[in-house]
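Residue-level structure breakdown
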Amino acid sequence: MLDRRTFMRVLAAGTGICALGGATYVLADEKARREAAALKRPDGRSRLPPNQYLLQRLRAMGGSEGDPSAKGFSLKVHGEVEQPFTIDFAGLLEMPQVEQVCDVHCVTKWTVLDSHWTGVRVADLAARAKVKKSARHVIFEAAHGYTSNVLLREALAPNVLIAHRYEGSPLARPHGAPVRALVPDLYFWKSAKWITGIYFSPVDRPGYWEVRGYNNHADPWKEERYG
Ligand SMILES: Nc1nc2c(c(=O)[nH]1)N[C@H]1C(S)=C(S)[C@@H](COP(=O)(O)O)O[C@H]1N2
Ligand SMILES: [Mo]
């Protein structure tokens, strides 16, 4: 609802449309930003974390792309598990599919409200692999060695997905085709694109951005941006 109203207002005002990196992004106006900040999530936190502004759609943030084909996709679920397995794209589609609407927050300060995703819960993949009690962290592994680390407890939240559709379409290449991680409640760098593995670890393993000065946890409401 807010998205649509915001969008119409921005169009009516004829402002807020700018070109970034060759694509067009719609920036919501200040009034929409304040409205979003006043909205509360069921957990009581603001829909808009501190010092974020609104975009209508994900902005492609780059990274070293992996093979975008569904045919080439393979996800290794391994580490502190009793039954490690590798799953292909067809296998992923055979798992229970979750359709969800959630907000995402990038550390570069943009937020997209009410984004639509389809995917499989990390919790369901963890259950299938029979994660051992010794596991404490989840390491998302992606093409060309990109990784991100998330506390096991947080990775098992029902809104954490291995996602293959965004806004009703297969994931586009710049957004991680064919499959990416989606961890809505942490800054978006935790959501590894072109995912290749989920490693359940007894110890923490800071990932690509975490060893480059970004915060190890990345809570947008605490503004855990830097280390
Ligand atoms: N494999 C991989 N995943 C990645 C990245 C990357 O460079 N490589 N960048 C991260 C960062 S910093 C962000 S903000 C989001 C951006 O996702 P988007 O391009 O779909 O907006 O992807 C995250 N996942
Ligand atoms: Mo990012």
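Here, the structure is the one placed above.
Below you will find a few notes about this structure. (Residues numbered from 1 in each chain as written. Chains lettered and ligands numbered in written order. Predicted model: local features only at pLDDT ≥ 70, side-chain atom pairs only at ≥ 80, totals over all residues. Heavy atoms only, no water.)

1. Topic: the overall build of the protein chain
On a plain count of helices and strands, the protein chain comes out with five helices and 13 strands. When burial is assessed residue by residue, the protein chain has 47% of its 227 residues classed as buried. Accessible surface computed for the protein chain: about 10,800 Å², of which carbon and sulfur atoms make up 55%. (Helix = DSSP H or I, 4+ residues; strand = E, 2+ residues; numbered from the N terminus. Buried < 20%, exposed > 50% of the residue type's maximum accessible area, 1.4 Å probe, protein only. Areas by Shrake-Rupley, 256 points an atom, 1.4 Å probe, with all protein chains shown as cover.)

2. Some points on the pairing of strand β13 (residues 195-201)
Of all seven residues making up β13, six are buried, and the element is well covered by its neighbours. Sheet topology note: the strand β4 (residues 74-79)/β13 ladder contains four bridges and is parallel. For V77, the partnering residue across the bridge sits in β13 and is I198. Pairing analysis gives six bridges linking strand β8 (residues 137-142) to β13, with the strands arranged antiparallel. Its bridge partner lying in β13, E141 is registered against G197. (Pairing = 2+ DSSP bridges.)

3. Structural notes on the packing of aromatic side chains
For the coordinates displayed, the defined rule picks out nine aromatic pairs. Consider the rings of W209 and Y214, whose centres lie 5.3 Å apart with planes at 80°: the pair is edge-to-face. Residue W209 is classed as partly exposed on the basis of its relative accessible area, which comes to 33%. Taking NZ or CZ as reference, R45 lies 4.1 Å from the ring centre of W221, over its face. Positioned above the aromatic ring of Y208 is the side chain of R212, whose terminal nitrogen or guanidinium carbon lies 3.7 Å from the ring centre. (Phe/Tyr/Trp six-rings, centres within 6.5 Å; stacked < 30°, edge-to-face > 60°. Lys NZ or Arg CZ within 6 Å of the ring centre and 35° of its normal.)

4. Quick word on the site of ligand 1
Among the 20 residues in the neighbourhood of ligand 1, the closest are listed as R59, M61, H175, R180 and K193. H175 places a polar side-chain atom, nitrogen or oxygen, 2.6 Å from an oxygen atom of ligand 1. Here a nitrogen atom of ligand 1 and a backbone polar atom of S191 are 3.1 Å apart. In the complex, the protein chains occlude 94% of the 530 Å² of accessible area that ligand 1 would expose alone. In this structure the site holding ligand 1 corresponds to the largest pocket. Grouping the amino acids of the shell around ligand 1 by side-chain chemistry returns 13 nonpolar, four polar and three charged. (Near = heavy atom within 4 Å. Polar contact = N/O pair within 3.5 Å; in protein donor to acceptor, adjacent residues only side chain to side chain. 1 Å grid on protein atoms, 1.4 Å probe; cavity = no way out; pocket = protein on both sides within 12 Å on 5 of 7 lines; lining within 4 Å. Sits in = over half its atoms within 2 Å of the grid points. Nonpolar A, V, L, I, M, F, W, Y, C, P; charged D, E, K, R; others polar.)

5. Side note on the pattern of salt bridges
This model, assessed by the stated rule, comprises 12 salt bridges. D43 is the salt-bridge partner of R45, the closest N and O atoms lying 3.1 Å from each other. When its relative accessible area of 27% is taken as the criterion, R45 is described as partly exposed. Between D103 and R47 there is a salt bridge; the shortest N-O distance is 2.6 Å. (Salt bridge = Lys/Arg side-chain N within 4 Å of Asp/Glu carboxyl O.)

6. As for the environment of P206
Mapping P206 onto the fold places it in the segment after β13. Taking the C-alpha atoms as reference, P206 lies 6.5 Å from N216; in sequence the two are 10 residues apart. Those residues within four positions of P206 in sequence are excluded, and the remaining contacts are N149, V211 and N216. (Contact = heavy atoms within 4.5 Å.)

7. Observations concerning the sheet that holds strand β5 (residues 85-88)
If you trace the five strands from one edge of the open sheet to the other, you get β5-β4-β13-β8-β9, paired in mixed fashion. Either end of the sheet is taken by a strand with one partner, and the two such strands are β5 and β9 (147-151). When strand polarity is set aside, the average angle formed by the axes of neighbouring strands in this sheet is 15°. Along the sheet, helix α4 (residues 122-129) contacts β4, β5, β8 and β13; its crossing angle with β5, the most-contacted strand, is approximately 135°. (Axes fitted to C-alpha atoms, helices over the stretch in contact; angles between N-to-C directions.)

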